[in-house]
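# Geometric and topological summary
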Amino acid sequence: MQINIYYSKDFKQKEKYQDFFIQKFFYKDNAILSGLLFDLFFYDVEKFYIDDNTIDVVLVDDSFIVNTSDDIQKKLVEKWNRNKKIFFVALSENFSNILIAEKVNFIRAYSQENIFDYMEMELYHDILRTVFSKEKIKIFLSHSKTDGEDIAKDIKLFIDSNTKLDTFFDVTDIQNSDDWEEKLKDEIDNSLFLFIYS
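All residue numbers refer to positions counted from 1 along the written sequence of the respective chain. Only residues with pLDDT of at least 70 get local features here, since the model is predicted, and only at 80 or more are side-chain atom pairs given and counted; chain-wide, interface and lining totals rely on the full set of residues. Water and hydrogen atoms play no part in the side-chain values, which are based on all heavy atoms of the structure.

### Observations concerning the packing of helix 1 (residues 14-26) against helix 4 (residues 115-131)
As a rule, the C-alpha atoms of each element are fitted with a line to give its axis, helices using only the stretch in contact, and angles between N-to-C directions run from 0 to 180 degrees. Helix and strand assignments come from DSSP, with helices taken as H or I runs of at least 4 residues and strands as E runs of at least 2, each series counted from the N terminus. Interaxial distance between helix 1 and helix 4 falls to 11 Å at its minimum, and their mutual angle equals 50°. When the axes of helix 1 and helix 4 are compared, the pair comes out oblique. The hand of the helix 1/helix 4 crossing is right-handed. On helix 4, the residues that touch Lys16, Tyr17, Phe20, Phe21, Lys24 and Phe25 of helix 1 are Ile115, Phe116, Met119, Glu120, Leu123, Tyr124 and Ile127. Gly counts as polar in this scheme, as do all residues outside two lists: the nonpolar Ala, Val, Leu, Ile, Met, Phe, Trp, Tyr, Cys and Pro, and the charged Asp, Glu, Lys and Arg. Along the lines of polarity and charge, the residues of the contact of helix 1 with helix 4 split into 10 nonpolar, no polar and 3 charged. Roughly parallel here means an angle under 35 degrees, roughly antiparallel means over 145, roughly perpendicular means 65 to 115, and every remaining angle is called oblique. By convention, the crossing between two helices is left-handed when the near helix turns anticlockwise from the far helix through less than a right angle, and right-handed when the turn is clockwise. Note on contacts: a residue pair qualifies if any of its non-hydrogen atoms lie within 4.5 Å across the two residues.

### Observations concerning a negative patch on the surface
Patch definition: residues with relative accessible area over 30% and no salt bridge; like charges joined within 9 Å; nonpolar side chains (Val, Leu, Ile, Met, Phe, Trp, Tyr) joined within 5 Å. For accessible areas, the Shrake-Rupley method is used with a probe of radius 1.4 Å. Any residue's cover is judged against the shown protein chains and nothing else. Any carboxyl oxygen of Asp or Glu that lies within 4 Å of a side-chain nitrogen of Lys or Arg is treated as forming a salt bridge with it. Positive charges come from Lys and Arg, negative ones from Asp and Glu, while His and the chain ends are left out of the count. Charged groups are reduced to one reference atom each: NZ for lysine, CZ for arginine, CG for aspartic acid, CD for glutamic acid. On the surface, a cluster of negative charge is contributed by Asp178, Asp179, Glu181, Glu182, Asp186 and Asp189. Residue placement: Asp178 occurs in the loop between helix 6 (170-173) and helix 7 (180-189).

### Some points on the packing of aromatic side chains
Classification of ring pairs uses Phe, Tyr and Trp, with its six-membered ring standing for Trp, and accepts pairs whose centres are within 6.5 Å; under 30 degrees between planes counts as stacked, over 60 as edge-to-face, and the remaining range as tilted. Here the structure, examined in full by the defined rule, presents 15 aromatic pairs. Ring geometry for Phe21 against Phe25: centres 5.7 Å apart, planes inclined by 35°, an arrangement best described as tilted. Of this pair, Phe21 and Phe25 are both found in helix 1, 4 residues apart, which corresponds to roughly one turn of the helix. Among the residues examined, Phe21 registers a relative accessible area of 2% and is labelled buried. Three exposure classes are used, based on accessible area relative to the maximum for each residue type with a 1.4 Å probe and protein chains only: buried under 20%, partly exposed in between, and exposed over 50%.

### Details of the sheet that holds strand 6 (residues 86-90)
Spatially, 4-1-5-6-7 is the arrangement adopted by the 5 strands of the open sheet, whose pairing is parallel. Edge strands, defined here as strands with exactly one partner in the open sheet, are strand 4 (39-44) and strand 7 (107-108). Strand pairing is defined by DSSP finding a minimum of two bridges between the two strands. Pairing of strand 1 (residues 2-7) with strand 4 involves 6 bridges; the strand directions are parallel. Along strand 4, the bridge assignment pairs Tyr6 with Tyr43.

### A closer look at the side chain of Lys156
Counting through the fold element by element, Lys156 comes out in helix 5 (residues 149-162). We classify Lys156 as buried; its relative accessible area is 15%. A distance of 2.9 Å separates the side chain of Lys156 from the side chain of Thr167, its partner in a polar contact. Ignoring sequence-local partners within four residues, the contact set of Lys156 consists of Leu141, Thr167, Phe169, Thr172 and Asp173. Polar contacts, as counted here, are pairs of nitrogen or oxygen atoms within 3.5 Å of one another; within protein the pair requires one atom able to donate a hydrogen and one able to accept it, and residues that are adjacent in sequence qualify only if both atoms are side-chain atoms.

Next up, the structure:
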């Protein structure tokens, strides 16, 4: 999967953001996610082209707002209208001054205490939604029955309070008199897993 990152040619923090994307989305050197995650390419937004097979992330700062031509903004709108595989990150509170902001919800990173943590969480969710063709990603919380339930409740509370993810947690999501085995099978097929070992 290819991800294109676009920004204004005058984007002052280009290297900092390139490092962030390379560290978080390109290569993982650990036992769980070892190797290449996504092909990443970085471009001046004035070179934007529509490719239905890529995911595009557009970083919108004040220089983007001032310098991006109407023709490019129209192309961004066209890509969004075609397949929604484009995500806009507002790095300035002035983001609403561009054409696409009239229609599309932005990742409002500028208003967050830790911009990079917030961007990582939001973009992983959006990219996974795109890759798995889901409206929303659901996390299946699998836990030990003997002592993992409290930890799972805390994780569910965090996810529900701080992310756009859905969760499935057997304690609260299997209704009385449900066929619990059938419900678990359905949720396993439609969720990503988080195993909680305690």
